[in-house]
Amino acid sequence: MTIRETKLTDIKAINHLNTFTLQHEYPLEEAEKQLVYLLSSPTNQLFVKEIDGNVVGYIQLAEYVCTYGPRLMNVLGLAVEPACHNQGIGKALLIHAEEWAKESGADGIRLNSGLERTQAHKFYEHLGYKEVKKQINFNKLFN
């Protein structure tokens, strides 16, 4: 098993994980444009986990800087193929992300997890993450 930085050629696997694991449907062409941007960004990082040359999971981080707390890296996505669950892949990706965040000078990691994802909450708690608050997520698209 290998963890490595994401390449543009990983977009189909990432889009598949987003659609079928995280239930975030997004057109492949648009996801590819986003990945091009992310790969050139100094404040974003994506890693994939490969088994036998196939991407089976990924994690995405973005810098989280505000005036009311320490500099953190924000986990924006963590997904593992369901057939590969309970093999330590998510844990390995999260630990790898934590190490990268430390090397990047971040003071820690933050993440959000949907209220209904109770198994994910247990996973994060098992790895030392603490629930800070519950919140509702809003957005407004400009198109």
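From a predicted model like this one, the values you see are computed outputs, not experimental measurements.

Draft legend 1. Broad picture of the overall build of the protein. Of regular secondary structure, the protein possesses 4 helices and 5 strands. Going from the N terminus to the C terminus, the protein shows its helices and strands as β-α-α-β-β-β-α-β-α. Its C-alpha atoms give the protein a radius of gyration of 15 Å, within 12% of the compact-globule value 15 Å for 143 residues. Along the first, second and third principal axes, the C-alpha set of the protein runs to 40 × 40 × 35 Å. Across the 143 residues of the protein, 37% fall into the buried class. Within the protein, residue pairs in contact and separated by at least 24 positions form 56% of the contacts whose partners lie at least 6 positions apart.

Draft legend 2. Quick peek at a nonpolar patch on the surface. Where nonpolar side chains cluster on the molecular surface, the patch consists of Leu 8, Val 36 and Leu 39 and spans about 220 Å² of accessible area. Within the element layout of this structure, Leu 8 appears in the loop between β1 (2-5) and α1 (11-20). Take Leu 8: its relative accessible area is 35%, and that puts it in the partly exposed class.

Draft legend 3. Spatial organisation of the side chain of Asn 15. Relative to the assigned elements, Asn 15 resides in helix α1. At 3.1 Å, the side chain of Asn 15 and the backbone oxygen of Tyr 26 are in polar contact. In this structure Asn 15 touches Tyr 26, Pro 27, Leu 28 and Ala 31, once residues within four positions along its chain are discounted.

Conventions and cut-offs
- Residues numbered from 1 in each chain as written.
- Predicted model: local features only at pLDDT ≥ 70, side-chain atom pairs only at ≥ 80, totals over all residues.
- Heavy atoms only, no water.
- Helix = DSSP H or I, 4+ residues; strand = E, 2+ residues; numbered from the N terminus.
- Rg over C-alpha atoms; globule rule 2.2 N^0.38 Å.
- Buried < 20%, exposed > 50% of the residue type's maximum accessible area, 1.4 Å probe, protein only.
- Contact = heavy atoms within 4.5 Å.
- Patch = residues over 30% accessible without salt bridge, like charges linked within 9 Å, V, L, I, M, F, W, Y side chains within 5 Å.
- Areas by Shrake-Rupley, 256 points an atom, 1.4 Å probe, with all protein chains shown as cover.
- Salt bridge = Lys/Arg side-chain N within 4 Å of Asp/Glu carboxyl O.
- Polar contact = N/O pair within 3.5 Å; in protein donor to acceptor, adjacent residues only side chain to side chain.

As far as function goes, none of this settles anything; it's purely spatial.
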